[in-house]
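One-letter residues, chain by chain:
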Amino acid sequence: MNQAKPIKLYNTLSKSKEEFVTVEEGKVRMYVCGPTVYNYIHIGNARPMIVFDTVRRYLEYKGYDVNYVSNFTDVDDKIIKKANEEGVSASEISERFIIEAKKDMEDLNILPATTHPKATEEIEGMIEMIKDLIEKGYAYEKGGTAYFRTRFFNEYGKLSKKNLEELEAGIRIAVSEEKEDSMDFVLWKPKKEGEPYWESPWSKGRPGWHIECSVMAKKYLGSKIDIHAGGEDLVFPHHENEIAQSEAANGEEFAKYWLHNAFLNIDNKKMSKSEGNFFTVREISEKYPLQVLRFFMLSAHYRSPINFSKELMESSKNALDRILTAINHLEELTKITEEKPLVEDELKLQEEFKNYINKFEDSMDDDFNTADAISVIFEMVKVSNTKLNKESSKTLIEETYNNISTLCNLLGIITKKKEELLDKEIEDLIEQRQQARKNKDFNQADQIRNLLLEKGIIIEDTREGIRWKRA
RNA sequence: GGCGACAUAGCCAAGUGGUAAGGCAGCGGUCUGCAACACCUCCAUCACCAGUUCAAAUCUGGUUGUCGCCUCCA
């Protein structure tokens, strides 16, 4: 366990960087608000998934045992609307897009959560918590709807730094007459015609959005968790309301650290369907390997807004290729170099790489500064490209290969798939091209190269031999 | 209207008091049958104004600009 160096993370609750100390030593309980599944996930959904997956990987790297929970909201107005449009049940829609979301997540190299709860499978727990809140006086029922009595929770607004008076002044929606107070929010609402519903003491209906996360977090992680994360738009009202519900019901602090990622914009504008600047992860995957999207997302700090564009994807693709090329190169060197004692310069290099790893960790320890961490990888790539060759000691080559790959894996920006790509046909063609080159038949050689290019294989003649990669 | 964030090269992006990391693109080279890869070289004084300090991109005040939340949008 390498927790000697502490992690500092920015806590929305205190608006400052704090040293990370877990509730229980060596263990991290982490909850990340997941998507509402009414369509393929979009690239905006992908940002928190990628960012917090990276956080999770790093915490595990540091030796923590991480219990990572991320939900699917599978009952919601948008899902019902889509279901009605297609003339199918709401669950048919949600089930379908959960499957699709999981596919995209796998391609984004996002590790499966310890648990992926679904709201509709946790209704019983939600009813229990609402009952509890009503008993404790923090909630009430009116006409089949259960409301949370916001004013009874003294600390309401502590996350978003809003106070009830300001909020009330800013109210822009029609306030239900039933509410005791305009700031009260819904815990349970009765069904409308044609909507899915569950039985409850108050009405046939369904839970409000906020109660879902409070209940799922408690069930799978306990009443006090370490990290609660999500997009910054969730700070208010979603997370504020979660705090109110959970802390009112459980009588203790809900989450120690609140992490929020900034938004992803398109051409400096918020992505939205109505603006026509909306991209699903699936669409992007048709043009780029999703590692590129992941790399792009991690190339800025998670609390800074990032702007998505084709140009930046191209830039990211080229940058990532530089790293991948270096790793492939090292891998080949491991096959042709010889085992021998390290000479003095190599010992120095070994030391240098150790320093780079430290630097990488320092960056990640500082509120998960992935942009800085990536720059360290580039520095390692540079040194590797410049100083290592087929005369180097195998030991050093292997170490360097492992070091760089480990850090890249930590960020999830590389996948190990090359083996499956190797097939007989490609190897034969490469061999034929070599023969042609030997015979100085460059026309033939170029033809074969073009043929391979059509199949998506790029050939490179390097000092150490032929190399190929997927376009 | 209330609350908040941000402003670093053509593009992206680190850096929060000691004199500007890294990547992409571009220029000029080396290597190469060619191409690609790789390597070498070049490419900014940090929105503006004023202040604090021996010293500021980094702190303070102001100006301008961009963006977000206050609408069950990540």
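Structure: above.
Residues numbered from 1 in each chain as written. Chains lettered and ligands numbered in written order. Predicted model: local features only at pLDDT ≥ 70, side-chain atom pairs only at ≥ 80, totals over all residues. Heavy atoms only, no water.

Draft legend 1. Summary view of the sheet that holds strand 9 (residues 225-231). In space, the 4 strands of this open sheet follow the order 4-3-9-10, with parallel pairing throughout. Looking along the sheet, the strands with just one partner apiece sit at the ends: strand 4 (65-70) and strand 10 (255-261). Between one strand axis and the next, the sheet turns by 20° as a mean value, whatever way the strands run. Looking at chain direction, strand 3 (residues 27-32) and strand 4 are connected through 6 bridges and run parallel. Each residue of the ladder has a partner; that of methionine 30, found in strand 4, is tyrosine 68. Strand contacts of helix 6 (residues 209-221): strand 3, strand 4 and strand 9, with the helix running at about 155° to strand 3, the strand carrying the most contacts. Set on the sheet, helix 7 (residues 235-250) makes contact with strand 9 and strand 10; between it and strand 9 the angle comes to about 160°. (Pairing = 2+ DSSP bridges. Helix = DSSP H or I, 4+ residues; strand = E, 2+ residues; numbered from the N terminus. Axes fitted to C-alpha atoms, helices over the stretch in contact; angles between N-to-C directions. Contact = heavy atoms within 4.5 Å.)

Draft legend 2. Representation of the environment of tyrosine 138 in the model. Structurally, the position occupied by tyrosine 138 is in the loop between helix 4 (123-135) and strand 5 (139-142). We classify tyrosine 138 as partly exposed; its relative accessible area is 21%. A C-alpha to C-alpha distance of 6.2 Å links tyrosine 138 and phenylalanine 152, two positions 14 residues apart in sequence. Excluding anything up to four places from it in sequence, tyrosine 138 contacts Leu133, Tyr147, Phe148, Arg149, Phe152, Phe153 and Ala248. (Buried < 20%, exposed > 50% of the residue type's maximum accessible area, 1.4 Å probe, protein only.)

Draft legend 3. Structural view of helix 9 (residues 290-298). Of all 9 residues in helix 9, 9 are buried; the element is thus mostly enclosed. Listed as buried for helix 9 are Leu290, Gln291, Val292, Leu293, Arg294, Phe295, Phe296, Met297 and Leu298.

Draft legend 4. Main features of the pairing of strand 9. Taking burial as the measure, the 7 residues of strand 9 include 7 buried ones, the bulk of the element. Alignment of strand 3 against strand 9, held across 3 bridges, turns out to be parallel. Opposite valine 32, over in strand 9, you have alanine 229 as the bridge partner. Two elements, strand 9 and strand 10, share 6 bridges in a ladder whose sense is parallel. In the strand pairing of strand 10, glycine 231 is matched with asparagine 261. Crossover connection from strand 9 via helix 7 to parallel strand 10: handedness right-handed. (Right-handed = clockwise from strand over helix to strand, strands pointing away.)

By themselves, these figures tell us nothing about what the structure is for.
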